[in-house]
Amino acid sequence: MKIATANAQHPPVSDYLATAGYTPENLQALHEEVLNVENLDLNQQKEYSEQYVETGKSNAKRALVC
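Keep in mind the model is a prediction, meaning the values are calculated, not measured.

A. Focus on the environment of leucine 30. Inspection of the secondary structure puts leucine 30 in helix H3 (residues 24–65). Taking the relative accessible area as the measure of exposure, leucine 30 reaches 36% and is therefore partly exposed. Sequence-wise, leucine 30 and leucine 40 are 10 residues apart; in three dimensions their C-alpha atoms are separated by 15 Å.

Pasting the structure below:
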């Protein structure tokens, strides 16, 4: 999606999209939203990974106690 929204801003494509009502500002805003979603996804993956590691540590400690 990031590539599609980036390419949509280039003249051959943006000229075609202009006929459908997409302005350069609309295309830029859409591209920024896609980048924001990508960053949110990367942050969520990082947080999940950290939680997974901590769960493993907790399970290892619990196994030692039992």
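B. Structural detail: the side chain of histidine 31. The topology assignment puts histidine 31 in helix H3. In this structure histidine 31 comes out as buried when scored by relative accessible area, which is 12%. For histidine 31, the side chain forms a polar contact with the main-chain nitrogen of alanine 6, separated by 3.5 Å. The residues touching histidine 31, leaving out its near neighbours within four places in the chain, are Lys2, Thr5, Ala6 and Gln9.

So, how was this worked out
- Residues numbered from 1 in each chain as written.
- Predicted model: local features only at pLDDT ≥ 70, side-chain atom pairs only at ≥ 80, totals over all residues.
- Heavy atoms only, no water.
- Helix = DSSP H or I, 4+ residues; strand = E, 2+ residues; numbered from the N terminus.
- Buried < 20%, exposed > 50% of the residue type's maximum accessible area, 1.4 Å probe, protein only.
- Polar contact = N/O pair within 3.5 Å; in protein donor to acceptor, adjacent residues only side chain to side chain.
- Contact = heavy atoms within 4.5 Å.

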